[in-house]
Amino acid sequence: MSRYVAAEIEPKWQAAWTEAEVFRARRTGDKPKYYVLEMFPYPSGRIHIGHVRNYTMGDVVARYKRATGHNVLHPMGFDAFGMPAENAAMANGGHPRDWTYANIDTMVEQMKPLGFSLDWTRMFATCDPEYYGQQQALFLDFLEKGLVYRKNAVVNWDPVDMTVLANEQVEDGRGWRSGALVERRELTQWFFKISDMSGELLDALDTLDNWPAKVKTMQANWIGRSRGLQFAFSLIDGPHGHDRVEVYTTRPDTLMGASFVGISPDHPLARDLEKSDPDVAAFCAEARQGGTTEEAIEKADKLGYDTGLRVRHPFDTSLELPVYIANFILMDYGTGAIFGCPGHDQRDHDFCRKYDLPIIDTFVPLDGEIDIQAAPYVPPKSEKVRYTRLIAGEEVQTGQEAVNAAVDFCESNGVGQGVTKFRLRDWGLSRQRYWGCPIPVVHCDDCGVVPEKKENLPIQLPYDEGGKPIDFSIPGNPLDRHPTWRDAPCPACGKPARRETDTMDTFVDSSWYFARFTAPRADTPTVAEDAAYWMNVDQYIGGIEHAILHLLYSRFFARAMNVCGHLPDKTREPFEALFTQGMVTHAIYQTKGADGRPVYHYPEDIDLRDGRGYLKDGAEVEIIPSAKMSKSKNNVVDPVAIISQYGADTARWFVLSDSPPERDVEWTAAGAEAAAKHLARVHRLAVEIGDAPADEAEDIALLREMHKAIKDVTLGVDSFGFNASIAKLYGFTNTIAKSRAGAQAKRTALKSLAQLMAPMTPHLAEEIWATLGGEGLIAEAPWPVADDAMLVEDTITMPIQVNGKRRGEITVPKDMDKAEVEKLALAHENVARTLEGAQPKKVIVVPGRIVNVVM
RNA sequence: GCGGGCGUGAUGGAAUGGUAGACAUACCAGACUUAAAAUCUGUUGGGCCUUGUGCCCGUGUGGGUUCGAGUCCCACCGCCCGCACCA
């Protein structure tokens, strides 16, 4: 009698699938297509259990859709450019390219044993010249359509290492290597004009019915459309060339509460003052210190510098407001200048308290008192308030009404105009790094910035410098210092010129890979027929951490590619449905070291007894459950070890069970063990099916359960309720195990069970299918369909509540009418006792659900 | 700081506004065994007594809406994710 040995059956069936080319995506026949995609991985060197969960979910969808008669496209690739490769080269020598491709080989080798139904013939890495060459072609097309341009932008500058730092390389405002205080510095950089599409990207969110609402909300907030007023304060005795300060506000209704005008340290006025006044220069230099992230700027102490300049209030010319340079005002947003209204804004309130500026209210609550000096009054814009210093509109109105009235009033009085602004900034794509896609332009002394000719693409990264592999231990960008790579003839005039040495943000690489998968070897970015057939991605699956940037950039790219003719109109929104999955977590086992710092222990060194953990020497460890996996905390689970211990099917089964897919799941050794035991049990049931004779009642009962299981499991798979499907599969397995049905009925039930398990545990399913004489491969078998006639129940059990508390239940025919149900409910012994003879005030009968008696 | 989310037994979690705790883990008890492992069966939210088709309490905390709230609304607490050069 054969036992369940995953190590034997898994390679066998993987070979069978490869042999039959079951997972090759073909656009043939008249089947509908289905494109399922998981966010492709960064080739860090090893797959982790989070990848296993992500790809298993996609695989369940892919296999299910294949079984329900679709041509499925389910590809895999690598997001292969980026800093870790350069960091590795700096730390350990070697070359980013060698490091990356070696990692890809390792990861493919680790992924294949998991048995994912991927079309490996379509695999590519974004660092393949065949891929990034097409990306350069896209860049040139975007340039032609005016979707790319150059302007100055602020970067993190390390004054000691003389290099640009990524945000993650800035720790507490200091460079990670040098420890020097980071400065904000301006460079000329390339930008995608994503802001041109702000309105469309925002409005189209409403059409994304199968995206999580939270992702849509996050994107809407990120794009941030606001209606406001742009107007100018006239400057009293301003320096040469400055007679006004242009500001933008979303709350023009609070203009009468203005206490000061604030400008960014990068505002033209501040820049001019800086030239002649060392104090201003010192303040601006200080304000520019620290990282460029919004978080760093928001969290920094709010500092202001009184320029001594004054502006006149547009509606009360006797009123003069001071002009401050303030470190929390961003030049990128609005006009880089604001007016501060401390009565109705927390930050302005803090600022005015600090610099002893007046705090005036412009509106008060309809009832109740408020101490505006102690705290600002900031009600929702939709709330009605009483205006004490009114610009326009009714005395009592909502903030929104007052804003609209104020804009109209200001416009008709020639004070500024109403404008719609977006928070979304253009996408800076320039990176001063080696390991990325070169930007295909040439700088010519005569012709300026000239796009490279398409026939010269790809502009490849050089592997060597001066005959030797590039040395990454030397600081600076290797492309910048390369002896020959920079030299290129100007594509316009042919004279010697210099290549652009900046490379592209890796977000560019991941913004169109989904389109490339439809024709991965083409010598154009896409092929019209393939894109038309396979796009859009029907189901996209990935982490919530990509909710904003990656998905927004991809939506922009799809539109831009459509503008350039690389994608059809229907692909302007490339992802039909999005699912964001949770992490796989694992307990941390820690003790305190002699120095009081935590010491982290590997799970395999821990004995678990009664929910407590002990080391081999008997010392108890502290267990921190459900922690994010981290190498430094020693709580990482290696999929390779899990597969060799239990097999791929166990790993797949476990990561889908227990938790709903969108939530985190905790990996536990006990849970993995239980999953393995269960799969062995299912295998045993199939092998030991016996030869019991038919038994009509038992057989029908089992088949009824089978149809119920088909219905419930299908519903779960359809709605991403994989954990619910698995719970049903446990239940159905228990039913089969306990059933006294005949062997024939059990065979039927077990074959259905195998089919229902096939998306999750495909190897075991094939094995059982073959054992029970199923035809062909289960991977190619059609999905079972529940017979409605077998699902009909004649009677239902309804709970009876008295005042919302359950007091009993009755079993009644399915279609019994309400009055009859009510009579039976009131006659129920325990219900009658609870009523104590009192007449119920009301009886609510929800057919098929519940009865509630109200006393 | 700003934006988004989550919070249910010892544990992971289930529950279209309608019987809270499905399914699983762990624990306990039993069967099989010389024994153990494996396997199989059963019990388990807390409390009370009058042991019943019983009663009270119970879904982070405090309020509210409803015949009925884990689910909807408001406030608070805790944790997680994102914040534009990490991928």
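Data block above holds the structure.
Notes on the structure in this doc start here.

### As for the overall build of chain A
Broken down by element type, chain A carries 26 helices and 38 strands. Expressed as lengths along the three principal axes of its C-alpha atoms, the size of chain A is roughly 105 × 90 × 65 Å. Here chain A holds 855 residues, and the buried ones make up 53% of them. Within chain A, residue pairs in contact and separated by at least 24 positions form 70% of the contacts whose partners lie at least 6 positions apart. When the 94 basic and 122 acidic side-chain charges of chain A are each reduced to a single mean position, those positions are 2 Å apart.

### A short note on the sheet that holds strand β4 (residues 163-165)
Sheets are built from strands paired through backbone hydrogen bonds, the pairs being either parallel or antiparallel. Spatially, β4-β3-β7-β18 is the arrangement adopted by the four strands of the open sheet, whose pairing is antiparallel. Each edge of the sheet is formed by a strand with only one pairing partner; in this case those strands are β4 and β18 (427-428). Set on the sheet, helix α5 (residues 129-144) makes contact with β3 (148-158) and β7 (183-192); between it and β7 the angle comes to about 85°.

### So, the side chain of Glu 766
On the secondary structure map, Glu 766 appears in helix α24 (residues 762-771). One buried charged residue, Glu 766, forms no salt bridge at all, with the nearest opposite charge on Arg 63 at 5.5 Å. In terms of polar contacts, Glu 766 uses its side chain to reach the backbone amide nitrogen of Ile 778, at 2.8 Å. Discounting residues that sit within four places of it in the chain, Glu 766 has contacts with Trp 13, Trp 17, Leu 777, Ile 778 and Ala 779.

### A few points about helix α17 (residues 549-563)
In a regular helix each residue adds 1.5 Å, so 15 residues correspond to 21 Å; α17 covers 21 Å between its end C-alpha atoms and thus fits that length. Summarising burial for α17: 13 of the 15 residues are buried, a large majority. Just downstream of α17 lies Gly 565, where phi reads positive at about 80°.

### Points about the environment of Gly 340
Counting through the fold element by element, Gly 340 comes out in strand β13 (residues 337-340). Using a relative accessible area of 0% as the deciding quantity, one classes Gly 340 as buried. Remark: the alpha-carbon pair of Gly 340 and Glu 455, spanning 115 residues in sequence, is separated by 55 Å. Excluding residues that lie within four positions of it along the chain, Gly 340 makes contacts with Gly 257, Ala 258, Ser 259, Phe 260 and Asp 348.

### Observations regarding the protein's contact with RNA strand B
Around RNA strand B, a shell composed of 68 residues is seen, among which Asn 167, Arg 433, Phe 507, Arg 849 and Asn 852 lie nearest. When atoms of RNA strand B within 4 Å of the protein are split into backbone and base, the sugar-phosphate part holds 64%. Contacts to RNA strand B include Arg 849, whose side-chain N or O atom sits 2.4 Å from a base oxygen. Partitioning the surface near RNA strand B into residue classes produces 23 nonpolar, 17 polar and 28 charged.

### A closer look at the packing of helix α2 (residues 49-67) against helix α19 (residues 648-656)
Closest axis-to-axis distance for the α2/α19 pair is 9 Å, and the angle between their directions is 90°. Relative to α19, the element α2 is oriented roughly perpendicular. Along the contact surface, α2 presents Ile 49, Val 52, Arg 53, Thr 56, Met 57, Asp 59, Val 60 and Arg 63, while α19 presents Arg 652, Val 655 and Leu 656. In terms of residue class, the contact of α2 with α19 is built from six nonpolar, one polar and four charged.

### Thoughts on the environment of Ile 9
In this fold, Ile 9 is placed in helix α1 (residues 6-20). Take Ile 9: its relative accessible area is 7%, and that puts it in the buried class. Expressed as a C-alpha distance, the spacing of Ile 9 and His 763, which sit 754 residues apart in the sequence, is 6.7 Å. Ignoring sequence-local partners within four residues, the contact set of Ile 9 consists of Tyr 4, His 763, Leu 764 and Glu 767.

### Details of the nonpolar core
Counting 158 residues, the largest nonpolar core has Phe 139, Phe 192, Tyr 513, Phe 557 and Trp 667 as the members making the most contacts within it. The element that contributes the greatest number of residues to this core is α2, accounting for nine residues. When near neighbours in sequence (up to four residues on either side) are disregarded, Phe 192 contacts Phe 139, Phe 142, Leu 147, Val 148, Asp 426, Trp 427, Leu 429, Val 508, Phe 556 and Phe 557. Leu 229, Val 247, Cys 341 and Val 407 belong to the second-largest nonpolar core, a separate cluster that totals 34 residues.

### Regarding the state of the cysteines
Where two cysteines share a covalent bond between their sulfur atoms, that bond is called a disulfide. Evaluation of the coordinates by the stated rule reveals zero disulfides. Looking at the unpaired Cys 127, the closest cysteine sulfur is the one in Cys 437, lying at 11 Å. Judged by its relative accessible area of 4%, Cys 127 is buried. Cys 341 takes part in no disulfide bond, and the closest cysteine sulfur to it belongs to Cys 352, at a distance of 8.6 Å. Among the residues examined, Cys 341 registers a relative accessible area of 5% and is labelled buried.

### Details of the pattern of salt bridges
Applying the stated criterion across every chain yields a total of 38 salt bridges. With a closest N to O distance of 3.4 Å, Arg 24 and Glu 21 form a salt bridge. The class for Arg 24 is partly exposed, based on a relative accessible area of 35%. Among the salt bridges present, the one from Arg 555 reaches Glu 573, with a minimum N-O distance of 2.8 Å. Here Arg 555, found in helix α17, pairs with Glu 573, found in the loop between α17 and β28 (578-581); they are 18 residues apart in sequence, far enough to count as distant. Residues Arg 555 and Glu 573 agree in their burial class; the two are buried.

### Structural notes on the packing of helix α20 (residues 669-687) against helix α23 (residues 743-757)
Where α20 meets α23, the closest approach of the two axes is 10 Å, and the angle between their N-to-C directions is 145°. The two elements α20 and α23 meet at a crossing, and its hand is left-handed. Contacts between α20 and α23 pair Leu 679, Val 682, Leu 685 and Ala 686 from the former with Leu 750, Leu 753 and Met 757 from the latter. Looking at the contact of α20 with α23 residue by residue, the class counts come to seven nonpolar, no polar and no charged.

### Details of the sheet that holds strand β36 (residues 805-813)
An order of β36-β35-β38-β37 is seen for the four strands of this open sheet, with the pairing classed as mixed. Only two strands of the sheet have a single partner each, and these edge strands are β36 and β37 (842-846). Here the average twist between neighbouring strands, direction ignored, is 20°. Pairing analysis gives five bridges linking β37 to strand β38 (residues 850-854), with the strands arranged antiparallel. If you follow Val 843 over to β38, its bridge partner there is Val 853. Sheet contacts for helix α25 (residues 818-827): β35 (795-802), β36, β37 and β38; angle to β37, the most-contacted strand, approximately 120°.

### What about the side chain of Gln 397?
Assignment of secondary structure puts Gln 397 in strand β16 (residues 396-398). For Gln 397, a relative accessible area of 3% gives the class buried. Apart from residues no more than four positions distant in its own chain, Gln 397 is found in contact with Glu 383, Lys 384, Val 385, Tyr 387, Leu 390, Ala 392 and Ala 402.

### What about the pairing of strand β20 (residues 441-444)?
Of the two faces of β20, both are covered, the one formed by Val 441 and His 443 as well as the one formed by Val 442 and Cys 444. Where β20 and strand β21 (residues 448-451) come together, four bridges link them in antiparallel fashion. Note that in β21 the partner of His 443 across the bridge is Val 449. Linking β20 back to β21 in an antiparallel pair, the connection comprises three residues.

Rules used in this analysis
- Each chain carries its own residue numbering, running from 1 in the written order of its sequence.
- All chains are assigned letters beginning at A, and all ligands numbers beginning at 1, according to the order in which they are written.
- Only residues with pLDDT of at least 70 get local features here, since the model is predicted, and only at 80 or more are side-chain atom pairs given and counted; chain-wide, interface and lining totals rely on the full set of residues.
- Heavy atoms throughout the structure, all of them, feed into the side-chain values; hydrogens and water do not.
- Labels follow the DSSP assignment, with helices taken as runs of H or I lasting at least four residues and strands as runs of E lasting at least two, numbered in each case from the N terminus.
- Buried, partly exposed and exposed residues are distinguished by accessible area as a fraction of the type maximum, computed with a 1.4 Å probe on protein chains only: under 20%, between the cut-offs, and over 50%, respectively.
- The contact criterion used is simple: two residues touch if any of their non-hydrogen atoms lie within 4.5 Å.
- Under this rule, positive means Lys or Arg and negative means Asp or Glu; His and the chain ends count for nothing.
- To locate a charge, take NZ of a lysine, CZ of an arginine, CG of an aspartate or CD of a glutamate.
- DSSP-based pairing: two strands are paired if at least 2 bridges between them are found.
- Comment: axis = line fitted to C-alpha atoms, over the contacting stretch for helices; angle = value between 0 and 180 degrees taken between N-to-C directions.
- Within this document, salt bridges are pairs made up of a side-chain nitrogen of Lys or Arg and a carboxyl oxygen of Asp or Glu, the two lying within 4 Å of each other.
- Under the rule applied, a polar contact is a pair of N or O atoms within 3.5 Å (in protein, one hydrogen donor and one hydrogen acceptor; residues adjacent in sequence only if both atoms are side-chain atoms).
- One less than the residue count of a helix, multiplied by 1.5 Å, gives the span that helix is expected to have.
- A cutoff of 4 Å decides nearness: a residue is near a molecule or strand if any of its heavy atoms lies inside that distance of it.
- Only Asp, Glu, Lys and Arg are considered charged, only Ala, Val, Leu, Ile, Met, Phe, Trp, Tyr, Cys and Pro nonpolar, and every remaining residue, Gly among them, polar.
- For classification, angles of less than 35 degrees are called roughly parallel, those exceeding 145 degrees roughly antiparallel, those between 65 and 115 degrees roughly perpendicular, and all remaining angles oblique.
- Here the nonpolar core consists of buried residues drawn from Ala, Val, Leu, Ile, Met, Phe, Trp, Tyr and Cys, with membership extended through side-chain atoms lying within 4.5 Å.
- Two cysteine sulfurs form a disulfide in these notes if their separation is within 2.5 Å.
- Left-handed describes a crossing in which the near helix is turned anticlockwise from the far one by less than a right angle; the clockwise case is right-handed.

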